[in-house]
Amino acid sequence: MKSSRVSHELLIKGRHCIFDYSAQSDARDRAQNLLVYFDEKVPLLFSYLQLELPQIPISIYFTKDKMTFSSYENMKITYSVKNSINDLGCLIHEAVHLAQGYKSYFSNADIKFLAEGMADYCRIKFSNDRWDNPDERNPFPYRGFCGYGCSKCGAEFFVFLEEIVGNSDFIVHLNKLLKTDNTKYNDIVNGFFHKDLHELIGEFIEYKDKRT
Ligand SMILES: [Zn+2]
């Protein structure tokens, strides 16, 4: 009886998420603080991506391991708490991966670049209000393109695209397509920009290089 009571006390539930800090019993305040912000960002994020809210709350499990990842199948984020101003942004990044649930993420470099870029783009969009972030005042440092593995460059690529068309509708379409089809993303890109993805990445690299 006692053990179930203890584990119950190591969970904090919001409307859209559950924080499980049973592996870090001293992290209650951190969980409580993050819940206040994260719980109100979840519906905003899903509505921005024009998706239904998940049928089950997102569970955030604080791990002692230095690793963070999300699992779409059970709407779970395994999270290594940083106890820094970046925690909310990191959780939003992971929540975007839950909203993505792409099947071919690991096998396709284009999709990985788009997925990580979109996650960091939304992170910047949804974590800056009421969340002062002195560590990352400028998420887009003035430097050249770091490569396909850089999610900040990916996020800046999304901003670059948004400025071309003047809105972010392409993100909603791209995300919905990539959930089920890993082959036709250039159709969406072409429809909005009349160019394919690699042409646009080439232009983006040129733009970044010129600025440095
Ligand atoms: Zn990521």
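Refer to the structure above for everything that follows.
Residues numbered from 1 in each chain as written. Predicted model: local features only at pLDDT ≥ 70, side-chain atom pairs only at ≥ 80, totals over all residues.

Undergrad: Quick question: what am I supposed to make of the pairing of strand S5 (residues 76-80) here?
TA: Every second residue of S5 is oriented toward a common face, the buried set being Ile77 and Tyr79 and the non-buried set Lys76, Thr78 and Ser80. Examined bridge by bridge, strand S3 (residues 58-63) and S5 share 5 bridges and lie parallel to one another. When the bridges of S5 are listed, Thr63 appears paired with Ser80. Across 3 bridges, strand S4 (residues 69-71) lies against S5 in antiparallel orientation. The residue of S5 that forms the bridge with Phe69 is Thr78. (Buried ≥ 20, exposed ≤ 12 C-beta atoms within 10 Å, placed from the backbone. Helix = DSSP H or I, 4+ residues; strand = E, 2+ residues; numbered from the N terminus. Pairing = 2+ DSSP bridges.)

Undergrad: What's the story with the sheet that holds S3 in this structure? I'm lost.
TA: Within a sheet, adjacent strands bond to each other through the backbone by hydrogen bonds, running parallel or antiparallel. Pairing within the open sheet is mixed, and its 5 strands lie in the order S1-S2-S3-S5-S4. Sheet topology places strand S1 (11-13) and S4 at the edges, where each strand pairs with a single neighbour. Shown here is a sheet whose adjacent strand axes are inclined to one another by a mean of 20 degrees, direction ignored. Running at roughly 160 degrees to strand S2 (residues 17-20), helix H2 (residues 28-48) makes contact with S1, S2 and S3 of the sheet. Sheet strands in contact with helix H3 (residues 87-100) are S3, S4 and S5, and its direction is about 155 degrees off that of S5. (Axes fitted to C-alpha atoms, helices over the stretch in contact; angles between N-to-C directions. Contact = placed C-beta atoms within 7 Å.)

Undergrad: When you look at unusual backbone geometry in this model, what are you seeing that I'm missing?
TA: A negative phi angle is the norm for most residues apart from glycine, just as the trans form is the norm for most peptide bonds. Positioned with a positive phi, Asn83 is a non-glycine residue whose angle comes to about 50 degrees. Along the chain, the position of Asn83 falls in the loop between S5 and H3. Despite not being glycine, His194 has its phi angle at roughly 60 degrees, a positive value. Relative to the assigned elements, His194 resides in the loop between helix H7 (185-193) and helix H8 (197-211).

Undergrad: I tried to follow the nonpolar core on my own but got confused; where do I start?
TA: As a rule of thumb, nonpolar side chains are buried together in soluble globular proteins. Residues Leu45, Leu91, Ile92, Ala95, Val96, Met118 and Cys122 are the most contacted members of the largest nonpolar core, which totals 43 residues. It is helix H4 (residues 109-127) that contributes the most residues to this core, 9 residues altogether. Inspection of this core shows a minimum of three residues originating in each of domain 1 (1-101) and domain 2 (103-212). If we ignore the near neighbours within four places in the chain, the residues touching Val96 are Leu45, Met118, Ala119 and Cys122. (Core = buried A, V, L, I, M, F, W, Y, C linked by C-beta atoms within 7 Å. Domains from an automatic or database assignment.)

Undergrad: Would you explain H4 in this entry?
TA: Three or four residues apart is the spacing at which side chains of an α-helix point the same way, because the helix has 3.6 residues per turn. Helix length check: H4 (19 residues) gives 26 Å between terminal C-alpha atoms against 27 Å at 1.5 Å per residue, within 8%. With respect to burial, H4 is a largely interior element, 15 of its 19 residues being buried. (Expected span 1.5 Å × (residues − 1).)

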